[in-house]
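Commentary on secondary and tertiary structure
Here's the letter readout for the chains.
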Amino acid sequence: MTAKFLDGKTLAAKIKKELAQKIDADDGEDMPVLAVVSVGEDSASQVYVRNKRKAAAEVGIGCEVLNFSDSIGENALRSSVHELNDNHHIHGIIVQLPLPRHLNPDVILQEISPIKDADGFTVKNAGLLAKNEAAAVVAATPKGILCLLENEGIELAGKHAVIIGRSNIVGRPLAMLLLNHHCTVTIAHSKTKNLQDLTRQADILIAACGQAKMVKKDWVKSGAVVIDVGMNRDENDKLCGDVDFDDVKDVAGYITPVPGGVGPMTVAMLLENTWEIYLQQKEKGTSCSCGGHGHCCWHHH
Ligand code: NDP
């Protein structure tokens, strides 16, 4: 068997094109604007930020990148996020991860107003997702994976999904999202025993563990859907996933490539989230973090 390719690049391009049309047709006097908070000089992060800015421009979303030196303190960074929360020209806010060691991402991310939380990483949005509430802003990578699966017409109800990884940005929200779509979900992590026994039971196997080419052919059930979230460098400094693509492609039913699979979907979903929260703020009549209920913003409540 040769696995069918799940082409995230093409699907993301289609989604962005449709989004651009919706944004173009919007009658609002302001455009949606995403603020990207970036700290330090991490070279991979700089590439990701550049890609997000470029993708935002393609669809008609404004993107303001705030670059801070890696010597910035926690309080100063928190204040900057508060200013963005109160700035009615800004609709979405993300903090590019990883942050330098001295800054705790859990503290900084929680400062983002949930209505401007384009990445869906605040406790409020993670909680809404865990409760299967439609109002949740869903983290971009899990949302992109769901979109890839649904676009391919892959049935989810009753399927056993095994996720390798339990991070707050991929593994956990993905587990909730797939559970909400009636999968039976197993979450594996670095302390999991007999990992391969679990992965071999998966109808849908998602690798999000940051271990280059860890998942091999004999980890995968014949015909399984294999989603590779990993973005690693191999021994030749070439970009590769957590799945050994060449090995696994002959046994899987579907497989995502790296690059060109989950990565472009993540960016497309970030833009979609920004558009959705922009619309919500427009509907409420304010983009201030008070959500239209306070006395702090430009709008007359
Ligand atoms: P983290 O490092 O935060 O989490 C990795 C998870 O994998 C942890 O839960 C860890 O377990 C688990 N893990 C690590 N090693 C093993 C192992 N040998 N066996 C089983 N489980 C293991 O990573 P992220 O979730 O942030 O990212 C995961 C990967 O996805 C990375 O390669 C990252 O670059 C990529 N990524 C790609 C995105 C995209 O758009 N394509 C977006 C975000 C991330 P434990 O909790 O026990 O430590």
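Okay, so let's go over this structure. Note that the coordinates shown come from a computational prediction; the quantities given were computed from them, not determined experimentally. (Residues numbered from 1 in each chain as written. Predicted model: local features only at pLDDT ≥ 70, side-chain atom pairs only at ≥ 80, totals over all residues. Heavy atoms only, no water.)

Moving on, we get to the sheet that holds strand β2 (residues 33-39). Spatially, the 3 strands line up as an open sheet ordered β3-β2-β4, and their pairing is parallel. Two strands bound the open sheet, and with one partner strand each, they are β3 (62-68) and β4 (92-95). When the angles between neighbouring strand axes are averaged without regard to direction, this sheet yields 20°. Where β2 and β3 come together, 7 bridges link them in parallel fashion. Note that in β3 the partner of valine 36 across the bridge is valine 65. (Pairing = 2+ DSSP bridges. Helix = DSSP H or I, 4+ residues; strand = E, 2+ residues; numbered from the N terminus. Axes fitted to C-alpha atoms, helices over the stretch in contact; angles between N-to-C directions.)

A few words now on the nonpolar core. Formed by 53 residues in total, the largest nonpolar core has its most connected members in Ile145, Leu149, Leu178, Ile206 and Ile227. Discounting chain neighbours no more than four positions away, the residues touching isoleucine 227 are Leu6, Ile145, Leu149, Leu205, Ile206, Ala207, Thr256 and Val262. (Core = buried A, V, L, I, M, F, W, Y, C linked by side-chain atoms within 4.5 Å. Buried < 20%, exposed > 50% of the residue type's maximum accessible area, 1.4 Å probe, protein only. Contact = heavy atoms within 4.5 Å.)

For the structure shown, the criterion picks out 13 salt bridges. Linking lysine 282 and aspartate 27 is a salt bridge whose minimum nitrogen-to-oxygen distance equals 3.3 Å. With lysine 282 in helix α10 (residues 262-284) and aspartate 27 in the loop between α1 (8-25) and β2, this pair connects stretches of sequence that are 255 residues apart. The salt bridge partner of arginine 200 is aspartate 197, with a shortest N-O separation of 2.9 Å. For arginine 200, a relative accessible area of 36% corresponds to the partly exposed category. Classification of aspartate 197 as partly exposed rests on a relative accessible area of 39%. Look at the salt bridges and you will find they share partners, linking Asp26, Asp27 and Lys282 into a network. (Salt bridge = Lys/Arg side-chain N within 4 Å of Asp/Glu carboxyl O.)

Following leucine 97, the chain continues to proline 98 via a peptide bond in cis, the omega torsion being 0°. With an omega of 0°, the peptide bond running from valine 258 to proline 259 counts as cis. The residue proline 259 is located in the loop between β11 (254-255) and α10 in this model. In this structure, histidine 182 is a non-glycine residue whose phi angle is positive, near 70°. Among the secondary structure elements, histidine 182 is positioned in the loop between α7 (171-180) and β6 (184-188). For histidine 182, a relative accessible area of 55% puts it in the exposed group. One non-glycine residue with positive phi stands out, namely aspartate 237, at about 65°. Inspection of the secondary structure assignment puts aspartate 237 in the loop between β9 (232-233) and β10 (239-240). Judged by relative accessible area, which is 53%, aspartate 237 ranks as exposed.

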